[in-house]
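Close look at the chain arrangement
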Amino acid sequence: MAQYALYIAIGADIFAGIPTINLVWRKPDADRPFPWALFAVGYGLGAFAVPQHTFANYVLPIYMFLAGILIATPLLIHRIKKGTLKKEWI
């Protein structure tokens with residue numbers, strides 16, 4: 001039954017993340033990309049540490065990796081196009 005709780009929690013997180021995704025796509029100056037990219041890298045690496053290869057074990061790290069990338073991408077693109085200093089990325 002724990003895997004169903006996980007799926008419900010991921011669904012709730014998707015709905016909670018929609019405003020954040022909308023914000024970074026509309027106003028990419030509102031947040032910084034480094035924490036989100038690091039968040040994505042951490043969960044991406046975490047996917048390699050899964051001991052048992054089941055869908056329930058992979059769904060959270062892969063979802064979090066994709067969410068981090070989805071949020072970090074517009075922030076990175078905006079700063080690259082704008083040519084902002086690297087110290088403003090962190």
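Everything that follows concerns the structure shown earlier in this document.
One structure accompanies this document, and this report is about it. Keep in mind that what you see is a predicted model, and the values were worked out from it rather than measured.

Turning next to the overall build of the protein. Across its full length, the protein holds three helices and zero strands. Starting at the N terminus, the α and β elements of the protein follow one another as α-α-α. Taken along the three principal axes of its C-alpha coordinates, the protein extends 45 × 25 × 15 Å. The buried share of the protein, reckoned over its 90 residues, is 26%. A sequence separation of at least 24 residues applies to 76% of the contacts in the protein between residues at least 6 apart.

All right, on to helix α2 (residues 33-46) then. In this model, α2 (14 residues) spans 20 Å end to end at C-alpha, consistent with the 20 Å of a helix rising 1.5 Å per residue. For α2, the full list of buried residues reads P33, A40 and G44. Along the long axis of α2, the arc covered by the buried residues comes to 35°, so they all point the same way. Relative to its buried face, α2 has exposed residues pointing more than 90 degrees away, namely L38 and L45. In this fold, the buried residues of α2 make contact with α3 (55-82).

Bringing the packing of aromatic side chains into the picture now. The final tally for this structure, using the stated rule, is four aromatic pairs. With 6.3 Å between their ring centres and 75° between their planes, Y4 and Y7 make a pair best called edge-to-face. Residue Y4 and its partner Y7 are located together in helix α1 (residues 2-26), separated by three residues, close to a single helical turn. An aromatic cluster is defined as three or more aromatic residues linked by ring pairs; in this entry it consists of Y4, Y7 and F55.

Another aspect to go through is the packing of α2 against α3. Between α2 and α3, the least distance of the axes is 8 Å, while the angle of their chain directions is 150°. Between α2 and α3, the angle falls in the class roughly antiparallel. Between α2 and α3 lies a crossing of left-handed hand. Along its contact with α2, which presents P33, W36, A37, F39, A40, Y43, G44 and G46, the element α3 presents P61, M64, F65, G68, I69, I71, A72, L75, L76 and R79. Partitioned by chemical class, the residues of the contact of α2 with α3 number 14 nonpolar, three polar and one charged.

Next up on the list: a nonpolar patch on the surface. Nonpolar side chains collect at one region of the surface, where I62, F65, L66 and I69 lie side by side and expose about 330 Å² of accessible area between them. Take L66: it is sitting in helix α3.

Right, let's get into the pattern of salt bridges. Counted according to the given criterion, the structure contains one salt bridge. D29 is paired through a salt bridge with K82; the nearest N and O atoms lie 3.6 Å apart. Within this pair, whereas D29 is found in the loop between α1 and α2, its partner K82 is found in helix α3, the two being separated by 53 residues in sequence.

Conventions we followed
- Residues numbered from 1 in each chain as written.
- Predicted model: local features only at pLDDT ≥ 70, side-chain atom pairs only at ≥ 80, totals over all residues.
- Heavy atoms only, no water.
- Helix = DSSP H or I, 4+ residues; strand = E, 2+ residues; numbered from the N terminus.
- Buried < 20%, exposed > 50% of the residue type's maximum accessible area, 1.4 Å probe, protein only.
- Contact = heavy atoms within 4.5 Å.
- Expected span 1.5 Å × (residues − 1).
- Arc of directions from axis to C-beta.
- Phe/Tyr/Trp six-rings, centres within 6.5 Å; stacked < 30°, edge-to-face > 60°.
- Axes fitted to C-alpha atoms, helices over the stretch in contact; angles between N-to-C directions.
- Parallel < 35°, antiparallel > 145°, perpendicular 65-115°, else oblique.
- Left-handed = near helix turned anticlockwise from the far one by under 90°.
- Nonpolar A, V, L, I, M, F, W, Y, C, P; charged D, E, K, R; others polar.
- Patch = residues over 30% accessible without salt bridge, like charges linked within 9 Å, V, L, I, M, F, W, Y side chains within 5 Å.
- Areas by Shrake-Rupley, 256 points an atom, 1.4 Å probe, with all protein chains shown as cover.
- Salt bridge = Lys/Arg side-chain N within 4 Å of Asp/Glu carboxyl O.

In short, the description is geometric, and any link to function would need to be established separately.
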